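# Coordinate inspection notes
Given next are the chains, with one letter for each unit.
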Amino acid sequence: MHSRLLGWFVALALITGSAAATVQGAALTQATPAANQEARSQWNYPIGRRGRPFGDGFWVRHGFAVENTWFNPGYWHTGEDWYALKGDTAGANVYAVSDGTVVYAGANYPGRVVIVEHAEALFSMYGHLDPRLAVKVGQRVAAGEQLGTVLKRGDKIPNHLHFELRTFLTTRIVNGSRPRYGFRCGRNCPPGPGYWPIRAPELLTALGWLNPTHVIAGKAAGTAQSRRATTIGHVVVATEPVNATVTVRQAPATNAAAVRGKRRLQLQAGQKFPVLAVHVGATAPSGTSAEAYEVWYKLQVAPGNAGWVQAAVPGTQETGRDGRGSSVRFNFLPAAGQP
Ligand SMILES: [Zn+2]
């Protein structure tokens, strides 16, 4: 088959679902021109610096569906808070995670909120933006197009991007005239509350919020183009990886059984590896800590040497009240489409 078609076909296999997804490049043998058109768009992380992979130099200080003890103890976080690893996050560039249309730009969150509608009933939401937005409602945006920059706040909360992926713009229980929980946002408010009570009967995922990193990492790998039919794209080692070395495993899991021998890979910033397969956790996971994050790549480490490495590493730099980790950092980032 035409190798360039491969990545687009992979993307079709990654249509958002609730189950974890593992996609093997070599297993794919069919693609049709019609399928290519549908699954062509790129996906990338929502923040970055020019000339570097999307997400490089940043971390998720409070992940999806974790208890963010700083802001609202006792509430689940509906999105991811992206911070610079070094220095102030204010002024950092915020990018559309995929092609779409701007359907909301406004609010005082604090700062502005932009919401982009993508295909497949997916909405991305970018909060705490500087008022000087780069886009207007109704505007078409491309993957990786700049939407604005992170707000320099005046309150005691450190500057950051609040980012969400969800299946709704507004939904009655969250945003309607009698929202179940209207924190800060009020009635008929597209940005939504940002948090959901722990004691509520619904999980965030039951209401339509998704784990952003799971969705983006899966789709980014799936849409990457490749010259070789056995690879589905490339990743690069982050400029500041979490670990100096990682274990190369025979399966995407942290348990000892997945380790074959004691193979270690030394991480050198910017080093690029072909990806043979990607495994991401469920897009709508039921877990409520950073431990629910799963992003693994099967890398061609060297000729004749392939194995699985962990890309998104749950951490306990921040925790909920029960001590479980709330933060996530990255060892590997998708190489495609630098800002
Ligand atoms: Zn947040």
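This is a predicted model, so every value here is computed, not measured. In every chain, residue numbers begin from 1 and rise along the written sequence. Reporting in this predicted model follows two pLDDT cut-offs: at least 70 for local features of residues, and 80 or more for side-chain atom pairs to be given and counted; totals over whole chains, interfaces and linings ignore these cut-offs and use all residues.

To continue, consider unusual backbone geometry. The linkage connecting Tyr 109 with the following residue, Pro 110, adopts the cis geometry, with an omega of 20 degrees. Backbone geometry at Glu 120 places phi at a positive 65 degrees, although glycine is not the residue there. Looking at the secondary structure, you find Glu 120 in the loop between strand S8 (112–118) and strand S9 (122–129). Backbone geometry at His 128 places phi at a positive 65 degrees, although glycine is not the residue there. Comment: elements are numbered from the N terminus, with helices defined as DSSP H or I runs of at least four residues and strands as E runs of at least two. As for its position among the elements, His 128 is in strand S9.

For the rest of this paragraph, the subject is the sheet that holds strand S11 (residues 146–149). The criterion for strand pairing is that DSSP finds at least two bridges linking the strands in question. Spatial strand order, S2-S6-S11: three strands in an open sheet with antiparallel pairing. The sheet terminates laterally at strand S2 (47–48) and S11, the two strands that pair on one side only. In this sheet, strand S6 (residues 93–95) lies alongside S2 in antiparallel orientation, the contact comprising two bridges. The residue bridging Gly 48 from the neighbouring strand is Asn 93, located in S6.

The subject of this paragraph is the environment of His 160. Inspection of the secondary structure assignment puts His 160 in the loop between S11 and strand S12 (161–166). Between the alpha carbons of His 160 and Asp 81 there is a distance of 6.2 Å; along the sequence they are 79 residues apart. Filtering out sequence-adjacent residues up to four positions away, His 160 remains in contact with Arg 61, Asp 81, Trp 82, Tyr 83, Thr 89, His 128 and Val 150. In this description, a residue-residue contact is defined by the distance between C-beta atoms placed from the backbone, which must lie within 7 Å.

This part is about the nonpolar core. Residues Val 114, Val 275, Val 309, Ala 311 and Phe 332 are the most contacted members of the largest nonpolar core, which totals 83 residues. Per-element accounting of this core gives the leading share, six residues, to strand S18 (residues 272–280). When residues of this core are assigned to domains, at least three fall in each of domain 1 (3–43 + 228–334) and domain 2 (47–210). If near-sequence neighbours (up to four positions away) are discounted, Val 275 is found in contact with Ala 221, Thr 231, Ile 232, Gly 233, His 234, Val 235, Tyr 297, Lys 298 and Leu 299. By definition, a nonpolar core groups buried Ala, Val, Leu, Ile, Met, Phe, Trp, Tyr and Cys residues that connect through C-beta atoms lying within 7 Å of each other. Burial in this document is a count-based property: other C-beta atoms within 10 Å of a residue's C-beta are tallied, and the residue is buried at 20 or more, exposed at 12 or fewer, or partly exposed in between, with C-beta positions derived from the backbone. The domain limits used here are those given by an automatic or database domain assignment.

The quantities given are spatial measurements derived from coordinates; they are silent on function.
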